[in-house]
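Each chain, letter by letter, is given below.
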Amino acid sequence: MKLQTKRAYNFNAGPSALPIAVLEKAQQELIDFRGTGMSVMELSHRSKAYEVVHNQAISNLRELLSIPENYEVLFLQGGASLQFSMIPMNFLQPGKQAAYVMTGSWSEKAFKETALFGEAYQAASTKEDKYRSIPKLDELQYKQDDAYVHITSNNTIYGTEWKEYPNTGDVPLIADMSSDILSRPIDVSKFALIYAGAQKNLGPSGVTVVIIRKDFLEQANSNIPTMLKYSTHSKNNSLYNTPPTFGIYMLGEVLNWARELGGIEAIAELNEKKAKLIYDAIDSSEGYYIGHAEKDSRSLMNITFNLKDEELEKKFLEQAKQEGFVGVNGHRSIGGCRVSTYNAVPYEACQAFSQFMVKFQKENN
Ligand SMILES: Cc1ncc(COP(=O)(O)O)c(C=O)c1O
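Residues numbered from 1 in each chain as written. Predicted model: local features only at pLDDT ≥ 70, side-chain atom pairs only at ≥ 80, totals over all residues. Heavy atoms only, no water.

A. Focus on a nonpolar patch on the surface. Together, Leu30, Ile31 and Met41 make up an exposed nonpolar region whose accessible area comes to about 310 Å². Its place among the elements puts Met41 in the loop between α1 (20–29) and α2 (48–64). In this structure Met41 comes out as partly exposed when scored by relative accessible area, which is 49%. (Patch = residues over 30% accessible without salt bridge, like charges linked within 9 Å, V, L, I, M, F, W, Y side chains within 5 Å. Areas by Shrake-Rupley, 256 points an atom, 1.4 Å probe, with all protein chains shown as cover. Salt bridge = Lys/Arg side-chain N within 4 Å of Asp/Glu carboxyl O. Helix = DSSP H or I, 4+ residues; strand = E, 2+ residues; numbered from the N terminus. Buried < 20%, exposed > 50% of the residue type's maximum accessible area, 1.4 Å probe, protein only.)

B. Structural context of unusual backbone geometry. Cis peptide bonds are those with omega within 30 degrees of zero, and the linkage from Gly14 to Pro15 qualifies with -5°. Note that Pro15 resides in the loop between β1 (9–10) and α1. One non-glycine residue, Tyr131, lies in the positive phi region at around 50°. Along the chain, Tyr131 falls in the loop between β4 (119–125) and β5 (148–152). Classification of Tyr131 as buried rests on a relative accessible area of 2%.

C. Fine view of the site of the ligand. In the neighbourhood of the ligand, 13 residues make up the surrounding shell, with Ser81, Thr156, Asp176, Gln199 and Lys200 lying closest. Here an oxygen atom of the ligand and a side-chain polar atom of Ser81 are 2.6 Å apart. In the complex, the protein chains occlude 85% of the 390 Å² of accessible area that the ligand would expose alone. A molecule is said to occupy a pocket when more than half its atoms come within 2 Å of that pocket's grid points, and by this definition the ligand occupies the second largest pocket. In terms of residue count, helix α3 (residues 79–91) provides more of the shell around the ligand than any other element does, four residues in total. The residue makeup of the shell around the ligand, split by class, is three nonpolar, eight polar and two charged. (Near = heavy atom within 4 Å. Polar contact = N/O pair within 3.5 Å; in protein donor to acceptor, adjacent residues only side chain to side chain. 1 Å grid on protein atoms, 1.4 Å probe; cavity = no way out; pocket = protein on both sides within 12 Å on 5 of 7 lines; lining within 4 Å. Sits in = over half its atoms within 2 Å of the grid points. Nonpolar A, V, L, I, M, F, W, Y, C, P; charged D, E, K, R; others polar.)

As structure tokens, then:
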């Protein structure tokens, strides 16, 4: 008999909810993976059985994101945070500058690392406005001879998201898409490099996805450590050393699930609906809930808000926890409330939370 498993309303910002169907499949396959008599974790990363898993994950991602042929898909380690240094190490050539668009703490971290390797400057920043918005495209100031322009497509902490990406022409555009990759269709061909930690929309932590244009890859600096060169990983199909095999298996399964849901358009439509439930509760509250992000910069993945006073906010967070909503506290650096509605967070969880918001307001007005 199948036990009824109790699943939390998981609004964690990352690691975050995984699809129940994927967890169940992984559980089923754990002891004897497809007749091998071993779990995926016990397979050699050089075995045929693992090779199928690895290549399937890559081709699933290619298909879902319509990644053009002239791009490589890499599975790296070190999180998105290691990309903050690998990017300038590989692509900030002597005598050139890198332009960073500052939209939150993760852009700040990426920018800070760059100074260790060369010259970087800020192409725009919304810091003065407490990162409530994304700069207008015509406000970006970068130069045609820059090494690259770097953006953070979704700001996990502040709850803002780019609605439209800049056309940087011949200047390579690089994006940290850690918290909104696979949430909506993107035109990969606009970017020279996209990177994302897997632990929000793609799978468990431990895998970092990099999508990189081949001609850009060829321009990389060569005098850097082997493991930190993108070319090392591209030449070896991300099997230069032992990859995080279980994480890649899970990622492949999450992508299978995404395909079965109807692909990226279907996912985007559902994400719009989920976020709307919560934004509507904010907008119809007459100032009881105060959204952090400007309306035109609102994230569909991380919804950030405050209550009109601190005591009430504390009570709200405590009650949310008691009612089984997990991960509703804002990031420790800014406080407030944050609800992360990544792909695997069910519509019903968002509905339950939005109803909770309305009820709490009625009872505590
Ligand atoms: C937008 C963004 N970039 C980078 C990171 C850092 O990722 P990692 O912990 O994989 O290094 C995070 C983590 O939450 C993030 O949200």
